[in-house]
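Listed below are the residues making up each chain.
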Amino acid sequence: MLARSLREERRSLVGWSVGIATYCVVMLSVFPTIHDNKAFVKIFEAYPEVFRKLFNVTDFTTGPGYLGAEIFSVIAPMLLALFAILWGSDLAAGEEERGTIDLLLANPVSRRRVLLEKWVALALGTLWLGAVLEGTLGLLGPLFSLSVGWAGLSAAVLGSSAFALAFATLALAVGAASGSRGLGRGVATALAVASYLLSALAPMVSAFQRVEWLSLWNQALGHQPLTTGLRPANLAVLAVVVVVLLALSLWGYDRRDLAT
Amino acid sequence: MRELTLEVGWGEVFGFLGPNGAGKTTTIRMLLDLIRPQSGTVRLFGLDARRDAVAVHRRLGYLPGELALYERLSARETLAHFARLRGGPDEATVERWASEFDLELDRPVRALSRGNRQKVGLVGALMNEPDLLVLDEPTVGLDPLVQRTVHRRLRQAAAAGRTVFLSSHVLSEVAEVADRVGLIKDGRLIAIERVAEIRARAIHAVEVRVGAPAGLAALEGVAGVTVRERLDDGLRLEVAGGLNPLLAALAGLDVLDLSVHEPSLEEVFLSYYDGSSR
């Protein structure tokens, strides 16, 4: 089933990989014009503080600063999350909506095993896209005079992947408990965006500051991983969230009447 | 579904007969643990349908009523996928079943006709020769030749001591293969009968035309016979409780034409409702 799931998604995986790699190359190709350009530094210093915080603009002219602002501030983590949420919402609810689950479960496999194997495929797929992201930036960066440490890059990619996997597992849980793909997608996407906004606006809105820790975005990417590296405590929080959501998915799916 | 108590034994073909929407598919999906009864238990091979689902499914072949297959896979890939999950059979066996049902294995499922999809489902259910076959409307969409192949295979399975549980809304199909029949309507099992008894109780519509109409008067007093319509040279009759008395009476007449219509499902059910009030 694991292999089957990966095969089913292979076209989607290839498409997303190409898309992400292309996006990275485009962003990288702009960097040489910005790198060591004092005029840009002045422009960004002239921007309001609010703007710089919102878009994670720290030091645009260095490799980590540029990637932090252009790649990891919104786009890359959200792309990974979107990919993973679409897959996650389909994991349980898709076969139910299409009606193929009847035949699959008539085989000697438990509902839990079906869900677990499909989830492992999803996790591998998400990690694969993360690896594409990391490989493109890390290997092609130097060609565009962008240097970034592997440790920082890995921390940012891992944070993005963990963020994506958490909301994909949420989409799975909602889909498994309700049988509706749309509901899983909707809830997970809305909460992922809310999580980002909470983290992005917290520096400016004092009411958000106190609850900023609630944001999984903040746990995954809120501490400048490109420069400060991996923080095991934050990743552990994400891992716990994923495990709890996965357990809820199994529980919700196991106890339910499946629709025709 | 309400109050359904039913036991089916080894080597038996049990037909589950009822109109669409009577609760056949609901019952069958309970056997498969796809849905759970609000109360009561479902046991197969003495095992609990829910707790021991994996062990039960190892010995069971299932054809859903609303068959949905993976559109992007070919029939071969679909069957291979299920064979891997089941631990068998090998590809040669799958090919043998496919050729028996005249099924093309290498076309994608989305390009297959309704009947060919049904064949994929049937081969999937039959290929492991499981101890129990649960088939929801197995011959829907199949041409008569393949229907006969299916029926022959089901009788063979029963002869080998395996059990077949099939549902249908067509009496003739159930009558063709089943030993016993459960009649289900509005979620209730209203009777369990041997096929022969259902035939005997069913009301047949008979039309008879004779050379000498004067003799027709002899038919009017025959047991179980009711005259529905008088024709110039014959009668339209309803015959309850078997055709023998009528045939005996016809023996003395100059019969030109005789047609006997299979009772419709509604008529079968009516005979049971009438029977309970009689």
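Residues numbered from 1 in each chain as written. Chains lettered and ligands numbered in written order. Predicted model: local features only at pLDDT ≥ 70, side-chain atom pairs only at ≥ 80, totals over all residues.

Let us look at the overall build of chain B. When its secondary structure is counted, chain B shows 10 helices and 12 strands. With the C-alpha coordinates aligned to their principal axes, the bounding extent of chain B is approximately 70 × 45 × 30 Å. A buried classification covers 36% of the 278 residues belonging to chain B. Across chain B, the fraction of contacts at a sequence separation of at least 24, relative to all contacts at a separation of at least 6, is 70%. (Helix = DSSP H or I, 4+ residues; strand = E, 2+ residues; numbered from the N terminus. Buried ≥ 20, exposed ≤ 12 C-beta atoms within 10 Å, placed from the backbone. Contact = placed C-beta atoms within 7 Å.)

Turning our eyes to something else, we now look at the overall build of chain A. Along the backbone of chain A there are 14 helices and 0 strands. Helices (α) and strands (β) of chain A occur, in sequence order from the N terminus, as α-α-α-α-α-α-α-α-α-α-α-α-α-α. Expected size for 260 residues packed as a compact globule is a radius of gyration near 18 Å; at 20 Å, chain A falls within 12% of this value. Each principal axis of the C-alpha distribution contributes one length, and for chain A these read about 65 × 40 × 30 Å. Relative to its 260 residues, chain A shows a buried fraction of 43%. For chain A, the proportion of contacts with a sequence separation of at least 24, taken over those separated by at least 6, is 74%. (Rg over C-alpha atoms; globule rule 2.2 N^0.38 Å.)

All names here are of chain B. Taken in spatial order, the 4 strands make up an open sheet running 10-11-9-12, and their pairing is antiparallel. Two strands close off the open sheet at either side, each with one partner strand: strand 10 (225-230) and strand 12 (255-261). Each adjacent strand pair in this sheet contributes to an overall mean axis angle of 25°, direction not counted. Sheet topology places strand 9 (residues 204-210) next to strand 11 (residues 234-239); 6 bridges connect them, and they run antiparallel. Following the sheet pairing, Arg-209 is matched in strand 11 by Gly-234. (Pairing = 2+ DSSP bridges. Axes fitted to C-alpha atoms, helices over the stretch in contact; angles between N-to-C directions.)

Turning our attention to the environment of Ala-164 of chain A. Counting through the fold element by element, Ala-164 of chain A comes out in helix 9 (residues 150-178). Here the alpha-carbon distance between Ala-164 of chain A and Ser-12 of chain A, two residues 152 residues apart in the chain, equals 16 Å.

A few words now on the interface of chain A and chain B. Where the parts come together, the accessible area they lose is often given as the size of the interface. In this complex, chain A contributes 15 residues to the contact, which on the side of chain B involves 19 residues. Looking at the side of chain A that touches chain B residue by residue, the class counts come to 6 nonpolar, 5 polar and 4 charged. (Nonpolar A, V, L, I, M, F, W, Y, C, P; charged D, E, K, R; others polar.)

Our next topic: the nonpolar core. Across soluble globular proteins, nonpolar side chains have a tendency to be buried as a group. Membership of the largest hydrophobic core comes to 134 residues, with the highest contact counts inside it found for Ala-84, Phe-163, Phe-167 and Ala-168 of chain A together with Val-123 of chain B. Here the element with the most residues in this core is helix 9 of chain A; it accounts for 17 residues. With sequence-adjacent residues up to four places away left out, Ala-168 of chain A is seen in contact with Ala-84, Ile-85, Trp-87, Gly-88, Leu-122 and Thr-126 of chain A. (Core = buried A, V, L, I, M, F, W, Y, C linked by C-beta atoms within 7 Å.)

Bringing helix 9 of chain A into the picture now. All names here are of chain A. The end-to-end C-alpha separation of helix 9 is 41 Å, in line with the 42 Å expected for 29 residues at 1.5 Å each. Of all 29 residues making up helix 9, 23 are buried, and the element is well covered by its neighbours. Gly-179 sits one or two positions beyond helix 9 and adopts a positive phi of about 80°. (Expected span 1.5 Å × (residues − 1).)

Another point: the pairing of strand 4 (residues 60-63) of chain B. All names here are of chain B. Going residue by residue along strand 4, you find Leu-60 and Tyr-62 tucked away on one face and Gly-61 and Leu-63 tucked away on the opposite face as well. Sheet topology note: the strand 4/strand 5 (residues 132-136) ladder contains 4 bridges and is parallel. Looking across to strand 5, one finds that Tyr-62 is bridged to Val-134.

With that settled, the discussion passes to the pairing of strand 7 (residues 180-185) of chain B. Residue and element names in this part refer to chain B. Both strand 1 (residues 13-17) and strand 7 contribute to a ladder of 4 bridges, which runs parallel. The residue of strand 7 that forms the bridge with Phe-14 is Arg-180. In this sheet, strand 8 (residues 188-194) lies alongside strand 7 in antiparallel orientation, the contact comprising 6 bridges. When the sheet's bridge partners are listed, Gly-182 is paired in strand 8 with Ile-192. Between strand 7 and the antiparallel strand that follows it, strand 8, lie 2 residues; Asp-186 among them carries a positive phi value of about 50°.

It is worth spelling out the sheet that holds strand 7 of chain B at this point. All names here are of chain B. Sheet architecture is open: 6 strands sit in the order 4-5-6-1-7-8, paired in mixed fashion. Both edges of this open sheet fall to strand 4 and strand 8, since each of them pairs with a single strand only. Neighbour-to-neighbour, the strand axes of the sheet open up by a mean angle of 15°, direction not taken into account.

Attention now moves to the packing of helix 2 (residues 10-34) of chain A against helix 8 (residues 111-140) of chain A. All names here are of chain A. At their nearest, the axes of helix 2 and helix 8 sit 9 Å apart, and the two run at 25° to each other. Classified by the angle their axes make, helix 2 and helix 8 are roughly parallel. Our pair here, helix 2 against helix 8, has a crossing hand that is right-handed. Contact residues: helix 2 offers Leu-13, Trp-16, Ser-17, Ile-20, Ala-21, Cys-24, Val-25 and Leu-28, while helix 8 offers Gly-125, Trp-128, Leu-129, Val-132, Leu-133, Thr-136, Leu-137 and Leu-140. Here the residues of the contact of helix 2 with helix 8 are counted per class, giving 13 nonpolar, 3 polar and no charged. (Parallel < 35°, antiparallel > 145°, perpendicular 65-115°, else oblique. Left-handed = near helix turned anticlockwise from the far one by under 90°.)

This next bit is on the environment of Leu-183 of chain A. Considering the arrangement of structural elements, one finds Leu-183 of chain A in helix 10 (residues 181-201). Beyond its immediate sequence surroundings of up to four residues, Leu-183 of chain A is in contact with Val-174, Gly-175 and Ser-178 of chain A.

Another point: the packing of helix 9 of chain A against helix 10 of chain A. Residues and elements named next belong to chain A. Following both chains from N to C, one finds helix 9 and helix 10 inclined at 150°, their axes separated by 8 Å at the closest point. With respect to the hand of their crossing, helix 9 and helix 10 are arranged in right-handed fashion. Taking contact as the criterion, the partners of Phe-167, Leu-170, Ala-171, Leu-172, Val-174, Gly-175 and Ser-178 in helix 9 are, on helix 10, Arg-181, Leu-183, Gly-184, Arg-185, Val-187, Ala-188, Leu-191 and Ala-192. A per-class count over the contact of helix 9 with helix 10 returns 10 nonpolar, 3 polar and 2 charged.

Let's shift gears to unusual backbone geometry. Excluding glycine, residues mostly have negative phi values, and the peptide bonds linking residues are mostly trans. Residue and element names in this part refer to chain B. The omega torsion of the bond from Gly-88 to Pro-89 falls at 0°, within 30 degrees of zero and hence cis. You can see Pro-89 is positioned in the loop between helix 3 (75-86) and helix 4 (91-100). Positive phi, close to 50°, is recorded for Glu-137, a residue that is not glycine. Position of Glu-137 relative to the elements: it lies in the loop between strand 5 and helix 6 (144-159). Look at Glu-137 and you get buried, because 23 C-beta atoms sit within 10 Å.

Residue and element names in this part refer to chain A. Tracing the sequence through the fold places Pro-203 in the loop between helix 10 and helix 11 (206-209). A count of 16 C-beta atoms within 10 Å places Pro-203 in the partly exposed class. Spatially, the C-alpha atom of Pro-203 lies 28 Å from that of Ser-147, the residues being 56 residues apart in sequence.

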